[in-house]
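# Remarks on the overall topology
Listed here are the chains, written in short residue letters.
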Amino acid sequence: MHWSERRILLTGASGGIGRALALALARRGARLLLAGRKPTALQALADELPVPAEWRAVDLCDTDARQRLVEAARELDIDMLINAAGVNHFGLFDAQPPESVSEMIALNVTATLQLTQAMLPLLKADDEAWIVNLGSTFGAIGYPGYASYCASKAALRGFSQALRRELADTRVHVHYVAPRATRTAMNDVTVDTLNAELGNAMDSPEQVADAVLRAVEQRAVERHLGWPERLFVRLNAVVPGVVDRALRRQLATIQRFAGRA
Ligand SMILES: NC(=O)c1ccc[n+]([C@@H]2O[C@H](COP(=O)([O-])OP(=O)(O)OC[C@H]3O[C@@H](n4cnc5c(N)ncnc54)[C@H](OP(=O)(O)O)[C@@H]3O)[C@@H](O)[C@H]2O)c1
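In the nomenclature of an unreviewed UniProt entry, the protein is known as Short-chain dehydrogenase/reductase SDR of Chromohalobacter israelensis. According to the UniProt record, the Sequence similarities (unreviewed entry) comment for the protein is "Belongs to the short-chain dehydrogenases/reductases (SDR) family."

Right under this line is the structure:
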């Protein structure tokens, strides 16, 4: 992979993993179009990068704003789309406000799919192009306390697999990279403490960014990050009852923390 030849639209650039990805890509000389909602955070990030970068502040759930972003991508002849924007909500499903369920599906699924769809003509017109979707371990393992997030990332995983197969006779590569828990603002102190109590390891955003770039370089179509998470993803696919029993033992702890969330 010649990163210095890539022109990349990165959503979620103002977030923890997005920022680490922007820095890693810029260090390799890639040209970036950064997308997020906060103009000040995007400008600060662009100022920090070793190469000039463009940015657009857009709410991806807004159809017109998304269209303007696609226009900017066309002007820069973008050949890689990294879908890193996402929202999460920790708490028991029966206590999750309905609008929070809607927001999660609207961004993690609908807006992500529709941005990808709008970008496809541009990507297909390139000699070679890439779509990289940031999923989650929870896209492959239904986990108590994250029911709608798991639903949204499972949808993204299924979408990535289907689109990859649909584009198999083109030069557009589709990658799905699923991080485990990562130390970003997405997880508040309650979630960090819960992870510590359950013994769930957390990666740094820089580790995740490196792993995403490696997955693309190695043409890994679907990659799950972390050990033993990778093992549990396999176990859950083959013998879900084993994972049911392991998570049943964690349930009281998760319920206790969900009460504080
Ligand atoms: N952190 C983890 O534990 C973890 C684990 C596995 C997978 N992931 C996935 O990795 C990706 C990045 O997560 P992160 O930890 O970096 O999250 P983060 O720090 O909370 O950043 C989220 C990003 O999404 C953007 N965003 C949120 N709503 C948006 C909207 N309506 N329109 C446009 N942009 C919007 C935010 O922009 P503003 O800041 O401008 O609002 C921000 O740039 C997500 O897809 C997440 O699901 C995270």
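## Notes on the nonpolar core
Ranked by size, the top nonpolar core spans 50 residues in total, and within it Leu-9 and Met-119 carry the most contacts. Taken together, the elements giving at least two residues each to this core come down to β2 (31–36), α3 (63–75), α4 (98–125), β5 (129–134), α5 (147–166), β6 (172–178), α6 (189–198) and α9 (240–260). One finds Ile-8, Ala-22, Met-80 and Leu-213 within the second-largest nonpolar core, a separate group that totals 35 residues.

## Looking at a nonpolar patch on the surface
Where nonpolar side chains cluster on the molecular surface, the patch consists of Val-238, Val-239 and Val-242 and spans about 240 Å² of accessible area. Looking at the element boundaries, Val-238 is found in helix α8 (residues 229–238).

## Remarks on the packing of aromatic side chains
Inspection of every chain in the model, using the stated rule, returns five aromatic pairs. Centre to centre, the rings of Phe-90 and Tyr-146 are 5.2 Å apart; their planes meet at 40°, and the pair counts as tilted. Taken together, the residues Phe-90 in the loop between β4 (80–83) and α4 and Tyr-146 in the loop between β5 and α5 connect sequence positions 56 residues apart. Phe-90 gets classed as buried once you look at its relative accessible area, which sits at 9%. Three or more aromatic residues joined by ring pairs make a cluster, and in this case those are Phe-90, Phe-138, Tyr-143, Tyr-146 and Tyr-149.

The rules behind these values
- Residues numbered from 1 in each chain as written.
- Predicted model: local features only at pLDDT ≥ 70, side-chain atom pairs only at ≥ 80, totals over all residues.
- Heavy atoms only, no water.
- UniProt positions renumbered as here; feature names shortened; annotations may be inferred.
- Core = buried A, V, L, I, M, F, W, Y, C linked by side-chain atoms within 4.5 Å.
- Buried < 20%, exposed > 50% of the residue type's maximum accessible area, 1.4 Å probe, protein only.
- Helix = DSSP H or I, 4+ residues; strand = E, 2+ residues; numbered from the N terminus.
- Patch = residues over 30% accessible without salt bridge, like charges linked within 9 Å, V, L, I, M, F, W, Y side chains within 5 Å.
- Areas by Shrake-Rupley, 256 points an atom, 1.4 Å probe, with all protein chains shown as cover.
- Salt bridge = Lys/Arg side-chain N within 4 Å of Asp/Glu carboxyl O.
- Phe/Tyr/Trp six-rings, centres within 6.5 Å; stacked < 30°, edge-to-face > 60°.

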